[in-house]
Amino acid sequence: MKFSYVSHLYCPKCSETYSTEEENHLCTCGSPLLVAYNLDELRGKFTADDLLTRAPDLWRYHELLPVRQNNNVISLGEGMTPLVDLPALGKDMSIPRLLMKDEGVIPTGAFKARGAAVGVSKAKELGVKELAMPTNGNAGAAWSLYAARAQMSSTIIMPVDAPSITRNECALSGANLFLVNGLISDAGKIVAEAVKEKGLYDVSTLKEPYRIEGKKTMGLEIAEQLNWKLPDVILYPTGGGVGLIGIYKALQELKELGWIESDEQMPRLVAVQSEGCAPIVEAWEQGLHESSFWENSETIAFGINVPKAIGDFLVLDALYETNGCAISVDDDSLLQEQQRIAELEGAFVCPEGAASFLAARKLRDKDWIKEDEQVVVLNTGAGIKYPDTVNFEVPTLEPGDSI
Ligand SMILES: Cc1ncc(COP(=O)(O)O)c(C=O)c1O
Ligand SMILES: [Zn+2]
């Protein structure tokens, strides 16, 4: 058995193919590239039973990941996060079969660790020494920390408003860190210039093909945790949309491998955005296959403040193909939802996760989600990474006071 059954890179727009043995970023047509595997060769050789004795991290699916040599794997133990039952919240929103895939408990406290682990490992395999990226915070934190573990240097540019803890994570890891008085799109332009001038390895969202593969493992895990049955609906807080594209890709690969029955319905995928930045929602409502740049975007759910995603057409295709939808929520209501989740379930979810729970509630109210459906919500990070979004007046006592 080979460690990886990776085959090649292909362009989902023009079908051009590329090698996984050398650095590749975008297709010459400008599209992101996707990773293909030799699934025909793997079918029958690799079965779900093989997983039973493997460690509970995302490398348990190494055959379906792009790293060819085991010794290039850079891992902090990421993956196999819990799929948690939420009976009280489910009752409150009339979705009794509500589940949370909790990415708050992964190294670096956000699901970005998955993309970083696989992306940095593949970069190491390709001989990369210096990587660069724009970020809304969590991805930069994860990539700079994993890069440090791989003895690689990183250049990270993030908006000044990005969560300060993510800034500290990058700085602690020894990254060349810069803040930009603007949005991730402004950071992206500066990175693109630096990449050209200094020959850095560009790991901007979807300009690097392997991050999706890391995020794909969320889909593999959800399927494994549900014993190779699929839920009815999966809600995902969508910025660049990498996780949603990855989950969809994972489920397609599992079907091709025969681990999921071919007649099993795909879950309806839901892209959740904020009312202050909802380009995918706008495009989906108009039935379009591409989004337009969202001017003056703003939201407290910082990870989903992406005014124009380079892989928007892949996100929209996944929504159309699965009869899913896109929906936006407002910041005040998502903060109320965040508090309700903590009160009812003891889970301190990130604002992006809270947005997705609120979206589930709204879709249930509209009867788009039915009461008997099984619904998985991605909480993409730990609430404790965003201390500034929570503000309470708490009484202060003097020594000797009583309550
Ligand atoms: C906590 C959190 N949730 C969701 C997202 C959006 O991720 P994606 O690019 O996969 O849409 C981000 C991205 O920064 C994030 O940090
Ligand atoms: Zn192309």
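Computed from a predicted model, the values in this text were never measured in an experiment. (Residues numbered from 1 in each chain as written. Chains lettered and ligands numbered in written order. Predicted model: local features only at pLDDT ≥ 70, side-chain atom pairs only at ≥ 80, totals over all residues. Heavy atoms only, no water.)

1. Details of helix α5 (residues 164-172)
Owing to its 3.6 residues per turn, the α-helix aligns residues three or four sequence positions apart on the same side.
Right, on to step 1. Residues T166, E169 and C170 constitute the buried set of α5. Burial along α5 is one-sided: seen end-on, the buried residues are contained in an arc of 95°.
Right, on to step 2. Buried positions along α5 lie against α4 (138-149), β7 (153-159) and β8 (176-180). (Buried < 20%, exposed > 50% of the residue type's maximum accessible area, 1.4 Å probe, protein only. Helix = DSSP H or I, 4+ residues; strand = E, 2+ residues; numbered from the N terminus. Arc of directions from axis to C-beta. Contact = heavy atoms within 4.5 Å.)

2. Thoughts on the packing of helix α11 (residues 331-345) against helix α12 (residues 351-365)
Right, on to step 1. In the contact formed by α11 and α12, the axes pass within 8 Å of each other and the chain directions differ by 95°. With respect to α12, the element α11 is oriented roughly perpendicular. Counting all contacts with α11, which are made through S333, L334, E337, Q338, R340 and I341, the residues of α12 involved are P351, A354, A355, F357, L358 and R361. (Axes fitted to C-alpha atoms, helices over the stretch in contact; angles between N-to-C directions. Parallel < 35°, antiparallel > 145°, perpendicular 65-115°, else oblique.)

3. A look at the layout of surface pockets
Right, on to step 1. The computed volume of the largest pocket comes to approximately 670 Å³.
Right, on to step 2. Lining the largest pocket are 40 residues, and of these I184, T205, G240, V306 and K308 sit closest to its centre.
Right, on to step 3. Those elements giving two or more residues to the lining of the largest pocket turn out to be β6 (130-134), α4, α6 (184-198), α7 (211-225) and β10 (233-237).
Right, on to step 4. The leading source of residues in the lining of the largest pocket is α6, at four residues.
Right, on to step 5. Here the residues of the lining of the largest pocket are counted per class, giving 18 nonpolar, 15 polar and seven charged. (1 Å grid on protein atoms, 1.4 Å probe; cavity = no way out; pocket = protein on both sides within 12 Å on 5 of 7 lines; lining within 4 Å. Points joined across faces, edges and corners; volume = space filled by probe spheres on them. Nonpolar A, V, L, I, M, F, W, Y, C, P; charged D, E, K, R; others polar.)

4. Here's the deal with the coordination of the zinc ion (ligand 2)
Where a metal carries four tetrahedral donors, each ideal angle is 109.5 degrees; where it carries six octahedral donors, the ideal angles are 90 or 180 degrees.
Right, on to step 1. Coordination of the zinc ion (ligand 2) by the protein comes from C11 (SG), C14 (SG), C27 (SG) and C29 (SG), over a distance range of 2.2 to 2.3 Å.
Right, on to step 2. One can describe the site at the zinc ion (ligand 2) as tetrahedral: its four donor atoms subtend angles covering 102 to 121° at the metal.
Right, on to step 3. Read N to C, the donor residues that coordinate the zinc ion (ligand 2) are spaced as C-x2-C-x12-C-x1-C. Of the two residues, C11 is situated in the loop between β1 (6-10) and β2 (17-18) and C29 in the loop between β2 and β3 (34-37); the sequence distance between them amounts to 18 residues.
Right, on to step 4. What makes C29 partly exposed here is its relative accessible area of 41%. (Donors = N, O, S within 2.8 Å, 3.2 Å for Na, K, Ca; no water. Tetrahedral: all angles 85-135°; square planar, octahedral: opposite > 155°, others 65-115°.)

5. Considerations on the packing of aromatic side chains
Right, on to step 1. The final tally for this structure, using the stated rule, is three aromatic pairs.
Right, on to step 2. Where F46 meets W259, the ring centres are 4.8 Å apart and the plane angle is 55°; that geometry is what we call tilted. Placement of the pair is F46 in the loop between α1 (39-42) and β4 (83-85) and W259 in the loop between α8 (242-257) and β11 (268-274), with a sequence separation of 213 residues. Considered together, F46 and W259 belong to a single accessibility category, that of buried residues.
Right, on to step 3. Within the aromatic cluster, the residues linked to one another by ring pairs are F46, W228 and W259.
Right, on to step 4. Here K13 stacks its cationic end above the ring of F313, 4.2 Å away from the centre of that ring. (Phe/Tyr/Trp six-rings, centres within 6.5 Å; stacked < 30°, edge-to-face > 60°. Lys NZ or Arg CZ within 6 Å of the ring centre and 35° of its normal.)

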